Amino acid sequence: MKSEGLRGSISIDGMTKDDAIVYLMRCYGEEIKRLVYTFVKNWQQAEDITQDVYIALYTKLDTFRGESALKSWIYTIAINKSKDFLKSWSYRKLAFTDKFTASSNGSVDSAEDGVVSNSEDELLYQAVLSLPIKYREVILLHYYKEFSIREICELLKISESTVKTRLSRGRKVLQETYFELGGER
């Protein structure tokens, strides 16, 4: 089984299924976990979902037909698993509990937290994570993961015009949010 990656070729020809999964985990493990985190905004959940992604890869590796890049296929599985989690009852319950606990704690940030949260990078990061999911995913895939518009179309199974519209609207919302958070104009 051979697959062309987006930025080079990855060959898993001649590997056993176990060896191929270990290889893919080494190549994409942290990258996939960071991608999942941008959806779920919780590192522990991101790690759990990343494990689910690799379990799905293991069970579906034989079905990969090579019609798309292996990286695109892996990203599609990760995005779908993340969206499934966000739709789940357990996530909605966890989100409600976290909001309730945070509002009742009334914790004060330390001086170090204040310095970090005021940095421009942190503001931009927070602004991106606060975007609605449909804008956040295209912004992250295009600007951070450097996928082309066509590749994003394939990953998300949406039209090119939809990707362009979401990028445009997402940039506007991102800019407004960034300024609201205290970013410089």
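Cut-offs applied
Residues numbered from 1 in each chain as written. Predicted model: local features only at pLDDT ≥ 70, side-chain atom pairs only at ≥ 80, totals over all residues. Heavy atoms only, no water. Helix = DSSP H or I, 4+ residues; strand = E, 2+ residues; numbered from the N terminus. Buried < 20%, exposed > 50% of the residue type's maximum accessible area, 1.4 Å probe, protein only. Contact = heavy atoms within 4.5 Å. Areas by Shrake-Rupley, 256 points an atom, 1.4 Å probe, with all protein chains shown as cover. Core = buried A, V, L, I, M, F, W, Y, C linked by side-chain atoms within 4.5 Å. Expected span 1.5 Å × (residues − 1). Polar contact = N/O pair within 3.5 Å; in protein donor to acceptor, adjacent residues only side chain to side chain. Axes fitted to C-alpha atoms, helices over the stretch in contact; angles between N-to-C directions. Parallel < 35°, antiparallel > 145°, perpendicular 65-115°, else oblique. Left-handed = near helix turned anticlockwise from the far one by under 90°. pLDDT = per-residue confidence, 0-100. Patch = residues over 30% accessible without salt bridge, like charges linked within 9 Å, V, L, I, M, F, W, Y side chains within 5 Å. Salt bridge = Lys/Arg side-chain N within 4 Å of Asp/Glu carboxyl O. Lys, Arg positive; Asp, Glu negative; His and termini not counted. Charge placed at Lys NZ, Arg CZ, Asp CG, Glu CD.

1. Comments concerning the overall build of the protein chain
From N to C terminus, the protein chain includes nine helices and two strands. Mapped from its N terminus to its C terminus, the protein chain presents α and β elements in the order β-β-α-α-α-α-α-α-α-α-α. Residues counted as buried form 37% of the 185 residues belonging to the protein chain. Nonlocal contacts in the protein chain, meaning residues at least 24 apart in sequence, comprise 64% of its contacts between residues at least 6 apart. Accessible surface computed for the protein chain: about 11300 Å², of which carbon and sulfur atoms make up 51%.

2. Examining the nonpolar core
Formed by 45 residues in total, the largest nonpolar core has its most connected members in Ile32, Leu57, Trp73, Ile74 and Leu141. The set of elements that each furnish at least two residues to this core consists of helix H1 (17–40), helix H2 (43–60), helix H3 (70–87), helix H6 (120–130), helix H7 (133–144), helix H8 (149–156) and helix H9 (160–180). Among the elements that take part in this core, H1 stands out by supplying 10 residues, more than any other.

3. Brief notes about the environment of valine 128
Positionally, valine 128 belongs in helix H6. Measuring from C-alpha to C-alpha, the distance between valine 128 and threonine 38 comes to 8.7 Å, with 90 residues separating the pair along the chain. Contacts of valine 128, omitting those with residues within four sequence positions, involve Arg136, Leu140, Tyr144 and Leu174.

4. Thoughts on H2
Taking 1.5 Å as the rise per residue, H2 with 18 residues should run 26 Å; its terminal C-alpha atoms sit 25 Å apart, in good agreement. When we look at burial in H2, the residues that qualify are Gln45, Ala46, Ile49, Thr50, Val53, Tyr54, Ala56 and Leu57. The N-terminus of H2 is capped by asparagine 42, whose side-chain oxygen sits 2.9 Å from the backbone nitrogen of glutamine 44.

5. Brief notes about the packing of H6 against H9
Each pair of packed helices can be summarised by the angle the axes make with each other and by the distance between the axes. The N-to-C vectors of H6 and H9 enclose an angle of 130 degrees; their axes lie 9 Å apart at closest approach. With respect to their mutual orientation, H6 and H9 come out oblique. Crossing hand, H6 versus H9: right-handed. Of H9, the residues touching H6 (which contributes Glu120, Leu123, Leu124, Ala127, Val128 and Ser130) are Leu174, Thr177 and Tyr178.

6. Structural notes on the confidence of the model for the protein chain
Residue-level pLDDT values for the protein chain average 80, and 77% of them are 70 or greater. Every residue in residues 1–9 is under pLDDT 50, and counting partners more than four places away or in other chains gives 29 contacts. For the stretch residues 99–114, pLDDT sits under 50, and the model shows zero contacts to residues farther than four places along the chain or on other chains.

7. Points about a positive patch on the surface
Taken together, Lys134, Arg169, Arg171 and Lys172 make up a surface patch of like positive charges. Tallying contributions element by element places H9 first for the positive patch, with three residues. By the secondary structure assignment, arginine 171 is in helix H9.

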